[in-house]
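Each chain is listed here by its residues.
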Amino acid sequence: MENSYHEKNMPDGAIRSEEILIAQRDLSIALAGAVNIDEAAVTCLDAALKITGLDVGSVHLIDPIKGARLVANKGLSQTFLNALLRLAMDSSQMRLILDGQPIYANAGSPPWNQIKGLDSEHLSGMGLIPIMHGAKVIACFGLASHKLKAVPIEARTAVELIATTVGNAIARIQAQEALVESEEKFRFLAENQKDVVLSVGLDRTIRYCSPAIKEFAGYGRDEVEGRDFLDFVVEDKDRRFLGDYTPEQAQKRDAMTVEFLFQPKNRDPFFVEIVTTRQFENNRVIALNAIMRDISKRKRAEQSLENNEKQLRSLMEAPANFAVYRLRYDPEKPLSVSVVFASPSLKTIFGIENPMDFDTWWDIIHEDDRTAFAQGMLISMNQMSFQRSARYCHPDGSRSGWLKVIASNTFDDMGRPEYTNGVVLDITGRMEAERNLIESKRELEQSEEKYRLLVENANEAIGIIQHNVLKFPNQAMCSLLGYDGNETNYIDVFKQIHPLDKGRARDAFEHLLDSDEPHKSLSLRVVARSGATKWATANLVRIKWEDEPAAMAIIRDVTNEKHLETKLRQAQKMEAIGTLAGGIAHNFNNLLNIIMGFTELTMSDMRPKTRSRENLQQVLNASHRAKDLVSQILTFSRQDSMEKSPINLGALAADAVRLLQATLPATVVVNSKIPPEPCPIKGNDTQIKQLIMNLGTNAVQAMNGKGGALSLLLDNVEAEAWELEMEAPGLLIPAIRLMVTDTGRGMDAKTLAQIFDPYFTTLEPGQGTGLGLSVVHGIVKAHGGSISVRSTPGKGTSFTVLFPRLEDAIMEAPKKPSIALGEGERVVFVDDEPSIAELGKNLLEKLQYKPVIFTSPLKALEYLQEGGEPVDLLVTDQTMPIMTGEALILRLREFAPDLPVIACTGHSDFFDRAKAAKLGIQAFCTKPLSLVQFSGTVRKVLDESQAKS
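Residues numbered from 1 in each chain as written. Predicted model: local features only at pLDDT ≥ 70, side-chain atom pairs only at ≥ 80, totals over all residues. Heavy atoms only, no water.

Peer 1: Hey, could you go over the overall build of the chain for me, with residue numbers and the actual values?
Peer 2: For the chain, the count of helices and strands is 27 helices and 33 strands. Per-residue burial for the chain yields a buried fraction of 42% across its 949 residues. Considering only contacts in the chain between residues 6 or more positions apart, those separated by 24 or more positions represent 59%. Accessible area of the chain: about 52500 Å², with a carbon and sulfur share of 53%. (Helix = DSSP H or I, 4+ residues; strand = E, 2+ residues; numbered from the N terminus. Buried < 20%, exposed > 50% of the residue type's maximum accessible area, 1.4 Å probe, protein only. Contact = heavy atoms within 4.5 Å. Areas by Shrake-Rupley, 256 points an atom, 1.4 Å probe, with all protein chains shown as cover.)

Peer 1: Account for the sheet that holds strand S21 (residues 548–557), naming residues and giving values.
Peer 2: On the basis of which strands lie adjacent, the open sheet formed by six strands has the order S18-S17-S16-S21-S20-S19 and antiparallel pairing. In this open sheet, the two strands that pair with only one neighbour each are strand S18 (491–492) and strand S19 (519–527). Sheet topology places S19 next to strand S20 (residues 533–545); nine bridges connect them, and they run antiparallel. Bridge pairing in S20 links Lys520 to Leu540. Running over the sheet, helix H16 (residues 499–514) touches strand S16 (461–466), S19, S20 and S21 and is turned about 155° from S19. (Pairing = 2+ DSSP bridges. Axes fitted to C-alpha atoms, helices over the stretch in contact; angles between N-to-C directions.)

Peer 1: Go over helix H2 (residues 37–52), please, and point to the residues and values.
Peer 2: Residues that lie three or four places apart on an α-helix share one face, since the helix turns once every 3.6 residues. The terminal C-alpha atoms of H2 lie 22 Å apart, and with 16 residues this matches the ideal 22 Å at 1.5 Å per residue to within 8%. Those residues of H2 that fall on the buried side of the exposure criterion are Ile37, Ala40, Ala41, Cys44, Leu45, Ala48, Leu49, Ile51 and Thr52. Looking down the long axis of H2, one finds its buried residues gathered within 170° of arc, a one-sided arrangement. Put simply, Asn36 is the residue that caps the front of H2, since its side-chain oxygen is 3.3 Å from the backbone nitrogen of Asp38. (Expected span 1.5 Å × (residues − 1). Arc of directions from axis to C-beta. Polar contact = N/O pair within 3.5 Å; in protein donor to acceptor, adjacent residues only side chain to side chain.)

Peer 1: Quick rundown of the environment of Thr797? Include the residues and the values.
Peer 2: By the secondary structure assignment, Thr797 is in strand S28 (residues 796–804). As for Thr797 and Val740, which are separated by 57 residues in sequence, their C-alpha atoms are 8.4 Å apart. The contacts of Thr797, once residues within four sequence positions are left out, are Val740, Thr741, Asp742, Gly746, Met747, Val789, Arg790 and Ser791. A polar contact is formed between the side chain of Thr797 and the side chain of Ser791, at a distance of 2.9 Å.

Peer 1: Please give an account of the pattern of salt bridges that cites residues and values.
Peer 2: Scanning all chains against the criterion turns up 29 salt bridges. Among the ionic pairs, Arg227 bridges to Asp231, the shortest N-O distance being 3.7 Å. Looking at Arg227, the relative accessible area reads 31%, which means it is partly exposed. Two residues, Arg442 and Glu439, come together in a salt bridge whose shortest N-O distance is 1.8 Å. You can see Arg442 and its partner Glu439 sitting in helix H14 (residues 428–456), three residues apart, about one turn around the helix. For Arg442, a relative accessible area of 37% puts it in the partly exposed group. Take Glu439: its relative accessible area is 33%, and that puts it in the partly exposed class. Residues joined by salt bridges that share partners form a network here, namely Asp195, Glu259, Glu273, Arg293, Arg298, Lys299 and Glu302. (Salt bridge = Lys/Arg side-chain N within 4 Å of Asp/Glu carboxyl O.)

Peer 1: Give me the lowdown on a nonpolar patch on the surface, citing residues and values where you can.
Peer 2: A contiguous nonpolar patch, built from Phe588, Leu591, Ile595 and Val619 and spanning about 320 Å² of accessible area, is present on the exposed surface. It is helix H17 (residues 559–604) that contributes the most residues to the nonpolar patch, three residues altogether. (Patch = residues over 30% accessible without salt bridge, like charges linked within 9 Å, V, L, I, M, F, W, Y side chains within 5 Å.)

Peer 1: Quick one: what's the story with the UniProt feature "modified residue: 4-aspartylphosphate" (unreviewed entry) in the chain, residue by residue and with numbers?
Peer 2: UniProt annotation of "modified residue: 4-aspartylphosphate" (unreviewed entry) refers to Asp877 when read in the numbering used here. Relative to the assigned elements, Asp877 resides in strand S31 (residues 873–877). Accessibility expressed as a relative area gives 2% for Asp877, which makes it buried. Not counting the four nearest positions on each side in its chain, Asp877 is found in contact with Val830, Asp831, Asp832, Gly885, Cys904, Thr905 and Lys927. (UniProt positions renumbered as here; feature names shortened; annotations may be inferred.)

Peer 1: Give me the lowdown on the side chain of Ser145, citing residues and values where you can.
Peer 2: Along the chain, Ser145 falls in the loop between strand S5 (136–144) and helix H6 (153–191). For Ser145, a relative accessible area of 4% corresponds to the buried category. Leave out the neighbours within four places in its chain, and Ser145 touches Leu54, Asp55, Val56, Leu123, Ser124 and Gly125.

Peer 1: Which residues make up empty space enclosed by the protein, and what values go with them?
Peer 2: Sizing a probe to match a water molecule and rolling it over the atoms shows the empty space that remains. For the structure shown, the criterion picks out eight cavities of 30 Å³ or more. In this structure, the second largest cavity spans a volume of roughly 210 Å³. If you go around the second largest cavity, you meet 18 residues; those closest to its centre are Ile465, Val493, Ile497, Leu524 and Ile555. Sorting the residues of the lining of the second largest cavity by element identifies helix H15 (475–481), H16, S19, S20 and S21 as the ones contributing at least two each. Taken together, the residues of the lining of the second largest cavity break down into 17 nonpolar, one polar and no charged. (1 Å grid on protein atoms, 1.4 Å probe; cavity = no way out; pocket = protein on both sides within 12 Å on 5 of 7 lines; lining within 4 Å. Points joined across faces, edges and corners; volume = space filled by probe spheres on them. Nonpolar A, V, L, I, M, F, W, Y, C, P; charged D, E, K, R; others polar.)

Peer 1: Requested: an account of the sheet that holds strand S14 (residues 400–411), with residues and values cited.
Peer 2: Taking strand neighbours across the sheet as the criterion, the five strands line up as S12-S11-S15-S14-S13 in an open arrangement whose pairing is antiparallel. At either end of the open sheet lies a strand with only one pairing partner, and these are strand S12 (337–342) and strand S13 (385–393). Recorded for the sheet is a direction-independent mean angle of 25° between the axes of neighbouring strands. Taken together, the seven bridges between strand S11 (residues 322–329) and strand S15 (residues 417–426) define a ladder with antiparallel strand orientation. Bridging across to S15, Tyr325 finds its partner in Gly422. Relative to S13, helix H13 (residues 370–380) is tilted by about 160°, and along the sheet it contacts S13 and S14.

Peer 1: Can you tell me about the packing of helix H24 (residues 857–866) against helix H25 (residues 885–892), naming the residues and giving the values?
Peer 2: Two quantities define a packed helix pair, namely the angle between the helix axes and the distance between the axes. Axis separation between H24 and H25 bottoms out at 11 Å; the angle between their running directions is 15°. As far as their axial angle goes, H25 and H24 are roughly parallel. Where H24 crosses over H25, the two elements pack in a sense that is right-handed. Across the interface between the two elements, Pro857, Leu861 and Leu864 from H24 touch Leu888, Arg891 and Leu892 from H25. Tallied by class, the residues present in the contact of H24 with H25 amount to five nonpolar, no polar and one charged. (Parallel < 35°, antiparallel > 145°, perpendicular 65-115°, else oblique. Left-handed = near helix turned anticlockwise from the far one by under 90°.)

Peer 1: Let's hear about unusual backbone geometry: which residues, and what values?
Peer 2: The amide bond that connects Lys927 to the next residue, Pro928, takes the cis arrangement and shows omega of -5°. Note on placement: Pro928 falls in the loop between strand S33 (923–926) and helix H27 (931–948). The backbone of Phe472 shows a phi angle near 50°, a positive value even though the residue is not glycine. In this structure, Glu546 takes a positive phi of about 55° despite not being glycine.

Peer 1: So what's going on with H25? Residues and values would help.
Peer 2: Of the residues making up H25, those classed as buried are Gly885, Leu888, Ile889 and Leu892. An end-on view of H25 places all buried positions within 95° of arc, on one side of the element.

Encoded structure:
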């Protein structure tokens, strides 16, 4: 290495000592304002280059562990510096630097000429000057020149002198940075941990408190800092102890841990632990730094442990039903056992006379269990822990029962048993309880099985309602709601109740749970999964389910009962209206009887085609229409005469269609399909024709004057028995089907439910009586048929009527009515209505009979009983005051059993065939009387009577 100095290589003007001092002063001033290492290193490097006259250089910080780090560079490439650093760290040169020795050399001499990239730097003279603080190298100057072959002697002296100044400055800055970093770490740790960090002055004033105090005790930092630490200490003994901690003691005592009761803000005091350390300045303690944590849980655990220890000690000293023991084994004789400790209760409870003598322990074991127990204990000697049970008997016979040994073994280094620590428990009570529990469980399971079978097979729907949820429903409940299996578990029960009943049901459920009533019943509608509504009665019983109030619901489906109840009310209503209608019709028939009878008599005496006769014909026509109306009323009330005979429904339907076509507006098209072959049924032709006309009229009214199509279909079908309301399941019955369809406005479900009610109508007042369809219903039922309706609002309605087909019926051609005259026979005519009696007289005289009229049945009976002039026939009204027609006939039979009798009535329900035969009634005449009908009936009865005689 070249260390000589040649004058010819020195720069112009030698460096003087005063210049070095000035440079040191300027550098010290410049470094005083430096705030970080990088800034200070650049300043130092500039000063070193200036004072030495060199033109390139660097500053590296040196750490024995971390190595060298570049902090300043001027004029040197990074590649060269990295290569230089690697060479220096791996060479003996670095050891000289770390020992504080500067190195000066020429770049071309070894080992420096091995540095990669040296040629591109064009360097000549070089120097590595250690920067020291005290005796420690903390940095290094790396200086070089492109011109000088070596660093001049004066330059070396100058840079080594300022290196000391630089070392002090770098050390100071590093210390400041380390202090800032330490404070930041301290603050970060203090402000981000759950425990509270405090700094307390020696006068007990709290200088600093971490933010954790807010969550810890409810205080803000401003409520704690500046206060006396003793303000937060609750108990006097702790205040005195902490108050005696003087500044003098702080200088002597090291770290301290204190537990005391702390007073938080607006809360109960709790135990805390404070761990303190001393804070020094100039070798004097100036404050205490502390960490405070909540130890209330630990205190409670310690107290619990202390209580448990007291209880254990108490149990050990005075045990109730167990004993504690410790056994020791002889390693040379494993079966040799000595008792180290045994509770006195081994004697008091189990009867072992001398508990310290292990051999006597076996005497209390039941003889049937002794061998097995001893073998088990022998096996247990090699187990870490074991349990054994056996029966025991007290030696004096005072008691017996079950005992249980729970023990653990310890072993020596050779694995041989050394000690056994165990507890002997008297488990007699538990064994008896277990037996009782098993028996109770078996009984409970049997009871539960019975209950389950009862509930699962009950017809009623059963389930538990809790928190508005249905739990554990039986099969009947699943069927009622329309769910399968577990689908019903935990469904909202009130969603299955009809909206109109939901509020009432919820109120009943809540009232049951909140009141003292044991149960509550209500009727409601249940909405099944399919949307179908079912009527039900629910009985709610208040119970406890899983320790919470609940209700057991027992629900019975009463939908069928509701339907039957509705039908019963409908039948009762129809019966009441029918009774009223029958009474009105009877009185109206009497009036019509007078009007029609006298009109016919008057017309019979007038010449044809006169205005007066035509006027009376209009009166007679109106009377016939009134008669038809009365007939409808009687049909509805089922008080009409139901004379039935084989009739061809096809012919009647064709006549009805022709009549409808003649009366309907042109906007209505009538389509009919009637088979040519006979459609025989047994019925009343007048009522069947009335049925077809009523259905047709109803269809036209449904079209509301807007026109449309009316279709009538008649055909032969095979109907199931139930369709004709016959009790013959699966049987097919030959039937005649009549279908009347319209394209009118149709009906909704609510209207369909009422269409057969009497006087119900959808027409405006004055446009209909409301009897049409109720009469149709009555006629169909009276003929053993059935009627059904299908309707869609806005699309029309279709009525289907089924009648039983009359097989092998012989259809007779209708006969033209004619008046049959008498031959002077004497006829007694009885009616309480004078006008009708007078009408009867005139009719009979017109028919060439000899009438005898009475308005009193008693006087008529007296006349007949006297037996004056012979009487050929009695014609009597049925409904009369004082004596009915039936009573009159009964009295008559006492003295005239063979006298022919004709009964007149507004309806024939008073006399069935059996009763009529018994009374000897030959025929009936239905009011109002017509001349043709009356004449034919009288003549027929008289001819039959004369033929018999």
